[in-house]
Amino acid sequence: DAKTTQPPSMDCAEGRAANLPCNHSTISGNEYVYWYRQIHSQGPQYIIHGLKNNETNEMASLIITEDRKSSTLILPHATLRDTAVYYCIVRDPEGGSEKLVFGKGMKLTVNP
Amino acid sequence: EPEVTQTPSHQVTQMGQEVILRCVPISNHLYFYWYRQILGQKVEFLVSFYNNEISEKSEIFDDQFSVERPDGSNFTLKIRSTKLEDSAMYFCASSEMIGKNTEAFFGQGTRLTVV
């Protein structure tokens with residue numbers, strides 16, 4: 001079972017920042033937070049991951065709280081093409097299993 | 001940008017028939033995966049494959065399923081005798097290595113419809 005909790009859906013206006021929350025209160029010390037998204041039944045797409053420090057790449061920023069029990073994915077300037085289901089996944093990359101356990105995710109709708 | 005490619009994009013088969021879903025992972029990747037997504041449900045892990053053998057499989061991946069890397073580029077998923085409940089999107093994925101700084105790249109999927 002997924003170890004994360006996300007709201008089922010969220011709306012955002014085009015051009016504004018989209019802040020996608022995720023709770024992972026049972027995260028262990030070795031587990032990283034990964035974010036993937038799935039645009040309209042296409043294959044999941046990797047976005048970003050982090051352990052405890054905030055991370056930024058060309059797609060998004062990841063803010064992880066100090067206690068690591070929650071995180072926020074930030075899309076700084078959402079576009080219509082960012083409409084997708086976003087998955088927050090916690091896993092230990094060196095825990096012996098490479099599988100990703102997807103939950104239901106959160107449907108982000110970016111509105112014009 | 002390199003990508004994982006899957007063929008066919010859509011496969012219709014009769015119940016009881018064998019199907020082979022094909023994937024070409026990214027060329028320098030060493031780890032390969034199959035996932036599936038039944039319509040309206042979660043993406044589910046099926047199997048991972050490394051060094052020409054299965055490294056992990058889920059309980060979904062029973063004796064009806066098999067995977068193979070027949071040559072240096074293809075990675076296939078075979079379903080020996082399809083059932084109606086095998087209808088789903090099947091996603092192939094690959095990663096360069098395993099560990100904390102390696103992400104999995106997914107293909108666009110094959111939609112399998114069993115009639």
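A brief look at the structure comes next. Everything numeric in this text was worked out from a predicted model, so none of it was measured. (Residues numbered from 1 in each chain as written. Chains lettered and ligands numbered in written order. Predicted model: local features only at pLDDT ≥ 70, side-chain atom pairs only at ≥ 80, totals over all residues. Heavy atoms only, no water.)

1. Details of the sheet that holds strand β1 (residues 5–7) of chain B
Two pairing modes exist for strands in a sheet, parallel and antiparallel, and in both the strands are linked by backbone hydrogen bonds. Residue and element names in this part refer to chain B. An order of β1-β3-β8-β7 is seen for the four strands of this open sheet, with the pairing classed as antiparallel. Where the open sheet ends on each side, the last strands, each with one partner, are β1 and β7 (65–68). For this sheet, the mean inter-axis angle between neighbouring strands, taken without regard to orientation, is 20 degrees. Bridge analysis of strand β3 (residues 19–24) against strand β8 (residues 75–79) gives five bridges, and the strand direction is antiparallel. Looking at the pairing, Leu-21 lines up with Leu-77 of β8. (Pairing = 2+ DSSP bridges. Helix = DSSP H or I, 4+ residues; strand = E, 2+ residues; numbered from the N terminus. Axes fitted to C-alpha atoms, helices over the stretch in contact; angles between N-to-C directions.)

2. Quick word on the packing of aromatic side chains
Evaluation of the coordinates by the stated rule reveals 14 aromatic pairs over all chains. Arranged with centres 5.7 Å apart and planes meeting at 75 degrees, the rings of Tyr-36 of chain A and Tyr-46 of chain A form a pair that is edge-to-face. Of this pair, Tyr-36 of chain A sits in strand β3 (residues 32–38) while Tyr-46 of chain A sits in strand β4 (residues 45–50); the two residues are 10 residues apart in sequence, bridging distant segments of the chain. Neither residue differs from the other here; Tyr-36 of chain A and Tyr-46 of chain A are each classed as buried. With a centroid separation of 4.2 Å and 5 degrees between ring planes, the pair formed by Tyr-31 of chain B and Tyr-50 of chain B is classed as stacked. A residue pair is termed long-range when its members are at least 10 positions apart, and Tyr-31 of chain B in strand β4 (residues 31–37) and Tyr-50 of chain B in strand β5 (residues 43–50) qualify at 19 residues. (Phe/Tyr/Trp six-rings, centres within 6.5 Å; stacked < 30°, edge-to-face > 60°. Buried < 20%, exposed > 50% of the residue type's maximum accessible area, 1.4 Å probe, protein only.)

3. With respect to the sheet that holds strand β8 (residues 84–91) of chain A
Residue and element names in this part refer to chain A. Sheet architecture is open: five strands sit in the order β1-β9-β8-β3-β4, paired in mixed fashion. Either end of the sheet is taken by a strand with one partner, and the two such strands are β1 (9–13) and β4. For this sheet the average axis-to-axis angle between neighbouring strands, irrespective of direction, equals 25 degrees. Examined bridge by bridge, β3 and β4 share five bridges and lie antiparallel to one another.

4. Some points on the interface of chain A and chain B
Counting from both sides, the interface comprises 21 residues of chain A and, opposite them, 19 residues of chain B. Together chain A and chain B conceal approximately 1,800 Å² of surface at their shared face, both sides included; 53% is due to carbon and sulfur atoms. Taken as a group, Pro-44, Glu-98 and Phe-102 of chain A account for 27% of the area that chain A buries against chain B, more than any other trio of residues on that side. At the boundary of chain A and chain B, one finds zero salt bridges. Where chain A packs against chain B, one counts five residue pairs in polar contact (both at pLDDT 80 or more). The element that contributes the greatest number of residues to the side of chain A that touches chain B is β3 of chain A, accounting for four residues. Tallied by class, residues from the side of chain A that touches chain B come to nine nonpolar, eight polar and four charged. (Contact = heavy atoms within 4.5 Å. Buried area = accessible area lost by both parts, 1.4 Å probe. Salt bridge = Lys/Arg side-chain N within 4 Å of Asp/Glu carboxyl O. Polar contact = N/O pair within 3.5 Å; in protein donor to acceptor, adjacent residues only side chain to side chain. Nonpolar A, V, L, I, M, F, W, Y, C, P; charged D, E, K, R; others polar.)

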